[in-house]
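One-letter residues, chain by chain:
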Amino acid sequence: MVKSNNPKVCVFDSGIGGLNLLYECVRRLPCVDFEYFADNFRMPYGNLAKDVLMSYVEEIFGAINERKPYVVAVACNTVTASCIDYLRAKYTFPIVGIQPAVKPAVSAGGKCLVLATQTTTESTAVKNLVKQYGGDNTNVVAVPKLASLIEKNEGKADRAEVISLLPNEKPDTVVLGCTHYIYVKEIIGEYYGCPVFDGTDGTASRLCGFFGKTERSSQRAQSVTFTGGDCAKNRRIFSGIILSKGGFPK
Ligand code: DGL
């Protein structure tokens with residue numbers, strides 16, 4: 001197998017949430033190496049005090065920095081919302097952050113419900129995002145226990161249990177403002193009976209913008225590795241995502 005000098009992208013989430021974004025990036029950039037960083041044993045990040053969250057993120061970015069990444073994708077809305085400005089000021093590599101897909105959801109019209117962690121909901125970043133794109137028709141609601149439920153059940157949480165945690169609202173669109181919620185997108189869509197948006201596609205597209213055509217099309221061998229937290233679990237769930245999508249269709 002030929003293997004050499006692929007650019008490296010580091011992808012980071014508190015746990016399994018970022019694996020759907022990882023899949024999408026690996027699929028679109030077959031000539032880029034990926035390393036997935038997670039912190040499964042210390043998640044959820046969404047209810048942590050700011051200084052504790054910052055200390056965990058600092059620790060992980062210290063390890064990411066040692067890899068000399070070409071670009072980093074923060075696959076965690078909570079970290080994007082509260083730490084990305086600080087991280088961008090501190091490190092020289094570019095950092096792409098996932099954030100709630102408020103803009104496309106609001107463009108679809110009607111009332112928009114954004115579901116996110118406590119920290120994301122209370123952040124200035126998300127308040128500004130809603131001010132910019134959402135106007136008065138957007139409601140951001142925290143679902144504090146949902147990410148842990150999904151993490152604990154490896155993405156296969158029980159329907160009734162998920163529904164019991166969802167706010168009683170009647171939206172026309174829903175935005176998943178936490179990457180863990182993507183695993184139960186279908187349940188959420190059926191429950192509210194409306195389209196559900198998430199930031200995977202937009203974030204993967206922004207990441208692709210850092211690469212030329214060669215990295216997207218050539219045939220060099222690609223490596224995907226896992227660091228931090230429960231690597232075996234993250235690898236297993238990632239393999240499950242690949243299977244469920246039928247491999248890496250173009
Ligand atoms: N997946 C993360 C997010 O997108 C956070 C989940 C958590 O650790 O609370 O916000």
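Treat the numbers as computed from the prediction; the structure is a model and nothing was measured. (Residues numbered from 1 in each chain as written. Predicted model: local features only at pLDDT ≥ 70, side-chain atom pairs only at ≥ 80, totals over all residues. Heavy atoms only, no water.)

Draft legend 1. Broad picture of the environment of Ser205. Relative to the helices and strands, Ser205 is located in helix 10 (residues 200–208). With a relative accessible area of 36%, Ser205 lands in the partly exposed category. Ser205 sits 32 residues away from Thr173 along the chain, and the two C-alpha atoms are 22 Å apart. (Helix = DSSP H or I, 4+ residues; strand = E, 2+ residues; numbered from the N terminus. Buried < 20%, exposed > 50% of the residue type's maximum accessible area, 1.4 Å probe, protein only.)

Draft legend 2. A look at the pattern of salt bridges. Counted by the stated rule, this structure contains 12 salt bridges. Between Arg42 and Asp39 there is a salt bridge whose closest N-O contact spans 3.1 Å. Judged by relative accessible area, which is 7%, Asp39 ranks as buried. In this structure, Arg159 engages Glu190 in a salt bridge whose closest nitrogen and oxygen atoms are separated by 2.8 Å. (Salt bridge = Lys/Arg side-chain N within 4 Å of Asp/Glu carboxyl O.)

Draft legend 3. Geometry of unusual backbone geometry. A cis geometry characterises the amide bond from Met43 onward to Pro44, with omega recorded as 5°. Checked against the element boundaries, Pro44 lands in the loop between strand 2 (33–37) and helix 2 (50–66). Positioned with a positive phi, Lys68 is a non-glycine residue whose angle comes to about 50°. With respect to the element layout, Lys68 can be found in the loop between helix 2 and strand 3 (71–74). For Glu154, which is not glycine, the phi torsion reads 55° and is therefore positive. Turning to its location among the elements, Glu154 is positioned in the loop between helix 7 (146–152) and helix 8 (159–165).

Draft legend 4. Region of the structure containing the nonpolar core. One finds Leu19, Phe34, Tyr181, Ile188 and Leu207 to be the most contacted residues of the largest nonpolar core, which totals 50 residues. In terms of residue count, helix 1 (residues 19–28) provides more of this core than any other element does, six residues in total. Phe61, Val72, Cys76 and Cys83 belong to the second largest nonpolar core, which has 21 residues in total. (Core = buried A, V, L, I, M, F, W, Y, C linked by side-chain atoms within 4.5 Å.)

Draft legend 5. Layout of the sheet that holds strand 3. Spatially, the five strands line up as an open sheet ordered 4-3-1-2-9, and their pairing is parallel. The open sheet has two edge strands, strand 4 (95–97) and strand 9 (224–227), and neither has a second partner. In this sheet, adjacent strand axes meet at a mean angle of 20° when their direction is disregarded. Two strands pair when backbone bridges link them, and strand 2 and strand 9 are joined in this way by four bridges, in the parallel orientation. (Pairing = 2+ DSSP bridges. Axes fitted to C-alpha atoms, helices over the stretch in contact; angles between N-to-C directions.)

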